[in-house]
Amino acid sequence: MRSSLARALVAATAVVGIAAGGLAGASASVAAPQQATKPAVGSRQILAVNNLGLNTARAKNWQSCLNAWHFNAGSEDGQLGTNSWMAAQRMLNAWGYNAGDVDGVVGPNTITALQKFLNAVGENAGTPDGIAGPQTRAAFWNYNATGC
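For the structure given in this document, a descriptive report is provided here.

## Here we look at the nonpolar core
Link 1 in the chain: The biggest cluster of nonpolar side chains holds 24 residues, and the ones touching the most others in it are Trp62, Leu92, Leu114, Phe117, Leu118 and Phe140.
Link 2 in the chain: Contributing elements (two or more residues each) for this core: α2 (56–68), α3 (82–94), α4 (108–120) and α5 (134–143).
Link 3 in the chain: In this structure Phe117 touches Trp62, Trp69, Leu92, Trp95, Tyr97 and Tyr143, once residues within four positions along its chain are discounted.

As structure tokens, then:
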């Protein structure tokens, strides 16, 4: 009788321990990525590709133009990542459209500058408001129908 009671207690303790450990592990695994996503001071954040509605062929056209204008977009792979957007920001700043910091982030300053550029070259990107809405995306699409 005593051994079966002891076995039951050991089994119950083991089940509770496993459950508690599983919960502790689950909470730790949920909490860890939140801290891991915060960039360290001075580190460079790697950004995802943002083609602003362009397909690969039209994104390659944009990269080709940026490279032809000597703003160094990197490889013409049709993926508008950090290097492509840094090149675009350098171009937009050099040509007076004020894209702000050259950081590769496609934020409101970059979008506003792109809208001003697109409007200046005859594409109707709408009012420069820093929002890459349907009209801005359509203008960017049309502009990149062919190379520069």
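## Considering α5
Link 1 in the chain: Within α5, burial applies to Thr136, Ala139, Phe140 and Tyr143. Viewed end-on, α5 has its buried residues packed into an arc of 100°, placing them on one side of the element.

## Focus on the packing of aromatic side chains
Link 1 in the chain: Taken as a whole, this structure holds nine aromatic pairs when the rule is applied.
Link 2 in the chain: A ring pair is formed by Phe71 and Trp95, whose centres lie 6.0 Å apart and whose planes are at 80°; its orientation type is edge-to-face. Note that Phe71 is positioned in the loop between α2 and α3 and Trp95 in the loop between α3 and α4, a separation of 24 residues in sequence.
Link 3 in the chain: Members of the aromatic cluster, connected to one another through ring pairs, are Trp62, Trp69, Phe71, Trp85, Trp95, Tyr97, Phe117, Phe140 and Tyr143.

## What to know about the packing of α3 against α4
Link 1 in the chain: Two elements in contact, α3 and α4, have axes whose closest approach is 10 Å; the angle formed by their N-to-C orientations is 60°. By the angle class used here, α3 and α4 are oblique. Taken as a pair, α3 and α4 cross one another with a handedness that is left-handed. Residues Trp85, Gln89 and Leu92 of α3 form the contact with α4, whose participating residues are Thr110, Ala113, Leu114 and Phe117.

## Regarding α2
Link 1 in the chain: In a regular helix each residue adds 1.5 Å, so 13 residues correspond to 18 Å; α2 covers 18 Å between its end C-alpha atoms and thus fits that length.
Link 2 in the chain: Regarding α2, the residues found buried are Arg58, Ala59, Asn61, Trp62, Gln63, Cys65 and Leu66.
Link 3 in the chain: Its side-chain oxygen placed 3.3 Å from the backbone nitrogen of Ala57, Asn55 serves as the N-cap of α2.
Link 4 in the chain: Positive backbone phi, at 65°, marks His70, one or two positions downstream of α2.

## Examining the packing of α4 against α5
Link 1 in the chain: For the pair α4 and α5, interaxial distance at closest approach is 10 Å and the crossing angle is 55°. What the angle tells us is that α4 and α5 run oblique. Between α4 and α5 lies a crossing of left-handed hand. Every residue of α5 that contacts α4 at Leu114, Gln115, Phe117 and Leu118 is listed here: Thr136, Ala139, Phe140 and Tyr143.
Link 2 in the chain: Per-class residue counts for the contact of α4 with α5 are six nonpolar, two polar and no charged.

The rules behind each value
- Residues numbered from 1 in each chain as written.
- Predicted model: local features only at pLDDT ≥ 70, side-chain atom pairs only at ≥ 80, totals over all residues.
- Heavy atoms only, no water.
- Core = buried A, V, L, I, M, F, W, Y, C linked by side-chain atoms within 4.5 Å.
- Buried < 20%, exposed > 50% of the residue type's maximum accessible area, 1.4 Å probe, protein only.
- Helix = DSSP H or I, 4+ residues; strand = E, 2+ residues; numbered from the N terminus.
- Contact = heavy atoms within 4.5 Å.
- Arc of directions from axis to C-beta.
- Phe/Tyr/Trp six-rings, centres within 6.5 Å; stacked < 30°, edge-to-face > 60°.
- Axes fitted to C-alpha atoms, helices over the stretch in contact; angles between N-to-C directions.
- Parallel < 35°, antiparallel > 145°, perpendicular 65-115°, else oblique.
- Left-handed = near helix turned anticlockwise from the far one by under 90°.
- Expected span 1.5 Å × (residues − 1).
- Polar contact = N/O pair within 3.5 Å; in protein donor to acceptor, adjacent residues only side chain to side chain.
- Nonpolar A, V, L, I, M, F, W, Y, C, P; charged D, E, K, R; others polar.

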